[in-house]
Amino acid sequence: MTRTVIRGGLVVTASDEIHADVLIEDGRIAALAASGTSAAEAWTGDRVIDATGKYVIPGGVDAHTHMELPFGGTFASDTFETGTRAAAWGGTTTIVDFAVQSVGASLREGLDTWHAKAEGNCAIDYAFHMIISDVNESTLKEMPKLIEHGISSFKLFMAYPGVFYSDDGQILRAMQVAADTGGLIMMHAENGIAIDVLVEQALARGETDPRHHGEVRKVLLEAEATHRAIQLARVAGSPLYVVHVSAEEAVAELAAARDKGLPVFGETCPQYLFLSTDNLAEPDFEGAKYVCSTPLRPKEHQAALWRGLRTDDLQVVSTDHCPFCFSGQKELGRGDFSKIPNGLPGVENRMDLLHQAVVDGHITRRRWIEIACATPARMFGLYPKKGTIAPGADADVVIYDPHATQTMSAETHHMNVDYSAYEGKTVTGRVETVLSRGEIVIEQREYKGRAGHGAFTPRSTCQYLN
Ligand code: URP
Ligand code: ZN
Ligand code: ZN
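All values reported here derive from a predicted model rather than from experimental measurement.

1. Regarding the pairing of strand 16 (residues 397-407)
Inference 1: Judged by how many residues are buried, strand 16 sits mostly within the fold: eight of 11 residues are covered.
Inference 2: As judged from the four bridges shared by strand 5 (residues 55-58) and strand 16, these two strands associate in the antiparallel manner. From the neighbouring strand, Tyr55 faces strand 16, where its bridge partner is Tyr400.
Inference 3: As paired strands, strand 16 and strand 17 (residues 426-436) are joined by eight bridges and run antiparallel to one another. If you follow Tyr400 over to strand 17, its bridge partner there is Val431.

2. A short note on unusual backbone geometry
Inference 1: Of note, the bond from Ser293 into Thr294 is cis; its omega dihedral lies within 30 degrees of zero at -5°.
Inference 2: Along the polypeptide, Thr294 turns up in the loop between helix 11 (277-280) and helix 12 (301-311).
Inference 3: In this structure, the amide linkage connecting Tyr383 to the following residue, Pro384, adopts the cis form with an omega of 0°.
Inference 4: Non-glycine residue Asp284 carries a positive phi angle of around 60°.
Inference 5: Its location among the elements puts Asp284 in the loop between helix 11 and helix 12.
Inference 6: A positive phi is found at Phe285, a non-glycine position, where the angle reads about 65°.
Inference 7: Inspection of the secondary structure assignment puts Phe285 in the loop between helix 11 and helix 12.
Inference 8: Look at Phe285 and you get buried, because its relative accessible area is 9%.

3. Some remarks on the packing of aromatic side chains
Inference 1: One pass over the structure, following the stated rule, counts 16 aromatic pairs.
Inference 2: Seen in terms of ring centroids, Phe80 and Phe128 are 6.3 Å apart; in terms of plane orientation they differ by 85°. Their pairing is edge-to-face. Here the residue Phe80 occupies a position in helix 2 (residues 80-89), and Phe128 occupies one in strand 10 (residues 125-131), the gap between them amounting to 48 residues.
Inference 3: Overall, Phe80 belongs to the buried group, its relative accessible area being 0%.
Inference 4: By way of ring pairs, the aromatic residues Phe71, Phe157, Tyr160, Phe164 and Phe324 are connected into one cluster.

4. Side note on the coordination of the zinc ion (ligand 3)
Inference 1: Surrounding the zinc ion (ligand 3) are the protein donor atoms His64 (NE2), His66 (NE2) and Asp320 (OD), at 2.0 to 2.1 Å.
Inference 2: Coordination at the zinc ion (ligand 3) is tetrahedral, judged from the four donor atoms that bind it and the angles of 86 to 134° they form at the metal.
Inference 3: Read in sequence order, the donor residues for the zinc ion (ligand 3) give the motif H-x1-H-x253-D.
Inference 4: If you look at the zinc ion (ligand 3) and the zinc ion (ligand 2), they sit 4.0 Å from each other. Here the residue His64 occupies a position in strand 6 (residues 60-65), and Asp320 occupies one in the loop between strand 15 (316-317) and helix 13 (350-359), the gap between them amounting to 256 residues. One exposure class covers both His64 and Asp320, and it is buried.

5. Describing the pattern of salt bridges
Inference 1: Going through the model one piece at a time under the given rule, you end up with 27 salt bridges.
Inference 2: Measuring nitrogen to oxygen at the nearest pair gives 2.8 Å for the salt bridge that ties Arg108 to Asp112. You can see Arg108 and its partner Asp112 sitting in helix 3 (residues 107-118), four residues apart, about one turn around the helix.
Inference 3: You can call Arg108 partly exposed: its relative accessible area is 30%.
Inference 4: For Arg205, the salt bridge identified is with Glu207, shortest N-O distance 3.1 Å.
Inference 5: Here Glu207 falls in the partly exposed class, since its relative accessible area comes to 24%.
Inference 6: Among the ionic contacts, a cluster of salt bridges with common partners joins Asp125, Lys385, Lys386, Asp394, Asp396 and Arg437.

6. With respect to the coordination of the zinc ion (ligand 2)
Inference 1: Taken together, Lys155 (NZ), His188 (ND1) and His244 (NE2) make up the protein donors of the zinc ion (ligand 2), found 2.1 to 2.2 Å from the metal.
Inference 2: For the zinc ion (ligand 2), the single-chain donor residues occur in sequence as K-x32-H-x55-H.
Inference 3: Under the relative-accessibility criterion, His244 is labelled buried at 1%.

7. What to know about the site of ligand 1
Inference 1: Around ligand 1, 13 residues are found, and the nearest of them are Lys155, His188, Ser293, Asp320 and Asn342.
Inference 2: Within the side chain of His66, one N or O atom sits 3.2 Å away from an oxygen atom of ligand 1.
Inference 3: Bound to the protein, ligand 1 loses 99% of the 270 Å² it would expose on its own.
Inference 4: With respect to the detected pockets, ligand 1 is housed in the largest cavity.
Inference 5: Of the residues that constitute the shell around ligand 1, the class distribution is four nonpolar, seven polar and two charged.

Conventions adopted
Residue numbers run consecutively from 1 along every chain, following the written order of its sequence. Naming scheme: in the order in which they are written, chains are lettered from A and ligands are numbered from 1. Reporting of local features is limited, given that this is a predicted model, to residues whose pLDDT is at least 70; pairs of side-chain atoms are given and counted only at 80 or more, and all residues count toward the totals for whole chains, interfaces and linings. The side-chain values count all of the structure's non-hydrogen atoms but skip hydrogen atoms and water molecules. Only protein chains enter the accessibility calculation, which uses a 1.4 Å probe; a residue is then buried when its area is under 20% of its type maximum, exposed when over 50%, and partly exposed in between. A run of H or I in DSSP becomes a helix once it reaches four residues, and a run of E becomes a strand once it reaches two; helices and strands are each numbered from the N terminus. In this scheme, strands are said to pair when DSSP sees at least two bridges between them. Classification of ring pairs uses Phe, Tyr and Trp, with its six-membered ring standing for Trp, and accepts pairs whose centres are within 6.5 Å; under 30 degrees between planes counts as stacked, over 60 as edge-to-face, and the remaining range as tilted. The rule for donors is simple: N, O or S, within 2.8 Å of the metal, or within 3.2 Å if the metal is Na, K or Ca. Water isn't counted, so a site may look like it is missing partners. In this scheme the shape depends on donor count and angles: four donors with every angle between 85 and 135 degrees give tetrahedral, four or six donors with opposite pairs above 155 degrees and others between 65 and 115 give square planar or octahedral in turn, and any other case is irregular. By convention in these notes, a salt bridge is any Lys or Arg side-chain nitrogen within 4 Å of a carboxyl oxygen on Asp or Glu. The cutoff for a nearby residue is simple: one of its non-hydrogen atoms must lie within 4 Å of the molecule or strand. Contacts described as polar in this section are N or O atom pairs within 3.5 Å, which, within protein, must combine one atom able to donate a hydrogen with one able to accept it, while residues neighboring in sequence count only if both atoms come from side chains. Method for areas: the Shrake-Rupley scheme with a 1.4 Å probe, in which residue coverage is limited to the protein chains shown. Here a cavity denotes a set of grid points, spaced 1 Å apart and computed over the protein atoms alone, in which a 1.4 Å probe fits but from which it cannot get out, and a pocket denotes an open set meeting protein on both sides within 12 Å along at least five of seven lines; residues with an atom within 4 Å of a point are reported as lining. The way we define it, a molecule is inside a pocket or cavity when more than half of its atoms are within 2 Å of that pocket's grid points. Three categories are distinguished: nonpolar for Ala, Val, Leu, Ile, Met, Phe, Trp, Tyr, Cys and Pro, charged for Asp, Glu, Lys and Arg, and polar for the others, with Gly belonging to the last.

These figures come from the coordinates and say nothing about function on their own.
As structure tokens, this is what we get:
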């Protein structure tokens, strides 16, 4: 039996902050005891970590990543190996990535493809959601089988006609299956049919720069789709989780639904909290680095997102990590913004940016852990194995230095992408040491992990519904 003792840190979970020592046995949290008490001091370990002056927090759970996603004629540039290593550097110890069903293939085939990409390559634990690109009789029948295999959430797209798009009838059918079987529908809520008209018109006017990506993907078309998704979920009697919420008007739709007591949940991402259309408008095609969907919004929307996170109208912050190099990938859209692959890198930055939000006074320390660790774990059926520090939980633990400063940069990050969306941004707080199921992955800012340590983690259904 291997034993690790973490001494003297401030243990922060979604519910508590206590000066406690943490005992880890065989990859799990065995006990917590107040630091300095005889109970804690009696503990011996094969490894003793001094966390004096540091936070001891649960490893982050990033519930929205896209390693190796095929998109726009290319692939997201992080593999499961590089992306999970970078995640660990940033204090995330579990990712939930999106397996993709190709049109004409089964869900199972898509899932098998993603298992093959991930297996043996991950530094940290991983799970999958399923993107359904083709809702039909056969894929609807497969949904309950996937839930049995630990894939309990399904992403549908109201955007990207001809690629991932589902019409309202298909969405309603999938929601009906989810309602009957305990599945959770995750929605990309943008009116893609209307957006495609505006894209065509913008290009015809010669508006080809990246900033037009933000202009055609209108706030109202995010709000309208969010409203429609909520009404469809009500008709089906299913829960709904809206991904990458970026606009104040979309938050208002979620808040109105939640005020009615509906099981409607919302996620936002650091890019919407820290970046804006100003970035999309950067000259010399640099704005392409910030092309993602939903798009970055004018700065004024950020206050509503922070408010939503404080009032629990938004419950989760995930990254939607979907990196494409500027050189050779984002550049595919020079002269036509609609050909810029959509997505931003961020899996390494989320925990630090949200800690900066604590420093800036947007959220409390416990809310930081709630939106980045505990709630995503509960939302996607991983709690309390993941997302907390409590006896029996996996020993996914981060020793976090709240006083260190760092400057984010592509020169120093570990994501396999040639730019940082936060280049030059200085934040307070830095990951020092990371354990995954009791094994050291990062030790005093040195990588000690290994590809293949990370295991597929089947999930139960959403824990806010039962
Ligand atoms: O721009 C984004 N978000 N790319 C990834 C695919 C998606 O819609 O989540
Ligand atoms: Zn999406
Ligand atoms: Zn995504």
